[in-house]
Amino acid sequence: MHTNTTLVINWHLTEACNYSCRYCYAKWDEAASSRELIRDPEKTEALLAELYRFFAPGNAGNPLRGMMRWKNVRLNLAGGEPLLHHRRLPEVIREARALGFEASLITNASRLTGEMVAGLAPHLTWLGISLDSASATTNRAIGRANRHGNLLDLETLAEVLDAARCVHPQLKLKLNTVVNKLNADEDLSPLITRLAPDKWKVLRMLPMVTNELAVSDEDFNGFVARHQHFATILCAEDNQEMRDSYLMVDPCGRFFQNGQQEVGQGYIYSQPITEVGAAKAFGDISFDPDRFCARYPLSAKGASK
Ligand code: SF4
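In this text the structure is predicted, and so the values were computed from the model without any measurement.

A. Focus on the site of the ligand. As a matter of local geometry, the ligand sits amid C17, Y19, S20, C21, Y23, C24, G80, N108 and R144. Considered class by class, the residues forming the shell around the ligand number five nonpolar, three polar and one charged.

B. Representation of helix α3 (residues 89-99) within the structure. Taken together, the buried positions of α3 are L89, V92, I93, E95 and A96. An end-on view of α3 places all buried positions within 160° of arc, on one side of the element. Those residues of α3 that are exposed and aimed more than 90 degrees away from the buried face are R94 and A98. Check the buried side of α3 and you find it contacts β1 (2-12), α2 (41-55), β2 (68-78), β3 (102-107) and α4 (114-120).

C. Broad picture of the pairing of β3. In terms of residue burial, β3 counts as a mostly covered element, since five of its six residues are buried. As paired elements, β2 and β3 share four bridges and run parallel to each other. Looking at β3, one finds that N76 is bridged to S104. Tracing the backbone out of β2, into α3 and back to the parallel element β3 gives a crossover that is right-handed. Across four bridges, the pairing between β3 and strand β4 (residues 126-130) is parallel. If you follow T107 over to β4, its bridge partner there is I129. Chirality of the crossover, the property in question, places the unit of β3, α4 and β4 among those that are right-handed.

D. Examining the sheet that holds β4 more closely. Spatially, 10 strands are ordered β7-β6-β5-β4-β3-β2-β1-β8-β9-β10 in an open sheet, and the strand pairing comes out mixed. Each edge of the open sheet carries a strand with a single partner, namely β7 (234-237) and β10 (267-272). Pairwise comparison of adjacent strand axes, ignoring direction, gives a mean angle of 25° for this sheet. Sheet topology places strand β6 (residues 199-204) next to β7; four bridges connect them, and they run parallel. Residue pairing in the sheet places L203 in a bridge with E237 of β7.

E. How the structure looks around the packing of aromatic side chains. For the structure on display, the rule yields 13 aromatic pairs. Seen in terms of ring centroids, Y52 and F101 are 5.0 Å apart; in terms of plane orientation they differ by 70°. Their pairing is edge-to-face. Taken together, the residues Y52 in helix α2 and F101 in the loop between α3 and β3 connect sequence positions 49 residues apart. Like Y52, the residue F101 is buried in the burial classification.

F. Geometry of the side chain of E95. Looking at the secondary structure, you find E95 in helix α3. Those residues in contact with E95 that lie beyond four places of it in its chain are T44, E45 and L48.

G. Region of interest: the packing of α2 against α3. Direction vectors running N to C along α2 and α3 enclose 30°, while the axes themselves pass 10 Å from each other. Between α2 and α3, the angle is such that the two are roughly parallel. Between α2 and α3 the crossing geometry is right-handed. Residues P41, T44, E45, L48, A49 and Y52 of α2 form the contact with α3, whose participating residues are E91, V92, E95, A96 and L99. Of the residues belonging to the contact of α2 with α3, the class tally is seven nonpolar, one polar and three charged.

Rules and cut-offs
Residues numbered from 1 in each chain as written. Predicted model: local features only at pLDDT ≥ 70, side-chain atom pairs only at ≥ 80, totals over all residues. Heavy atoms only, no water. Near = heavy atom within 4 Å. Nonpolar A, V, L, I, M, F, W, Y, C, P; charged D, E, K, R; others polar. Buried < 20%, exposed > 50% of the residue type's maximum accessible area, 1.4 Å probe, protein only. Helix = DSSP H or I, 4+ residues; strand = E, 2+ residues; numbered from the N terminus. Arc of directions from axis to C-beta. Contact = heavy atoms within 4.5 Å. Pairing = 2+ DSSP bridges. Right-handed = clockwise from strand over helix to strand, strands pointing away. Axes fitted to C-alpha atoms, helices over the stretch in contact; angles between N-to-C directions. Phe/Tyr/Trp six-rings, centres within 6.5 Å; stacked < 30°, edge-to-face > 60°. Parallel < 35°, antiparallel > 145°, perpendicular 65-115°, else oblique. Left-handed = near helix turned anticlockwise from the far one by under 90°.

What follows is the structure in structure tokens.
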């Protein structure tokens, strides 16, 4: 039996993004965007309530209870780029917290302002930023630029994150880096030192949609080895460790999981959670508690990250 402090549910509330990373697996279908639940406050509320009812630590009927125990449930707001809906987020986070969730956010930070972070940070346990490179050339080549060609200004980001920690000193900062062919040789040490995250997740590019920027075992391991002086915060995830280890809900309110084998196989989706109930929908997809718990080991203080 695994014991884990926090069960994390990733709600990918939109597939839309203002960046166009070449490896990105959130492919925006404009027709699908009209079905995004985030646009409908009542449907959003119903989804959150059903998710919390099903995953609440006290729900003895949750099938995961036979394999693991958890004390908290965290709703991680992800995308696409969730800050494209920044006007809706304060209300969504407030509702989630009122139900009993902890809340966190993962963003590309392109629209993260000091004012926004001052409003959101006090309600978040974790703030995650996706960052692949400190080089403008590399970021541009990856596609981490908006349609006007604007890149994230890393010094401005550092100042915004400093401000976030000022307003909420308990806020934990996480960086996500996708190792791909274009950044595999880079040394990100100065950037990581400047931003001083509590956790740095280093993910191997997952060839879901394309393997154009895929890296070899040697390149991925080389990137991780080059940054071993961050071993206390660095969590490396190879493709196999990612499979079935995330609890993910799509913009339309369905559980989804990566297809099992081939590039371009795409995703497997459940029936809509609010239509059939979370229990039935959860039965439609696979989830591996062993891999999940391996990603969120208990820290020395007993807190999962
Ligand atoms: S920032 Fe994230 S969601 Fe946006 S294109 Fe890049 S990988 Fe996709």
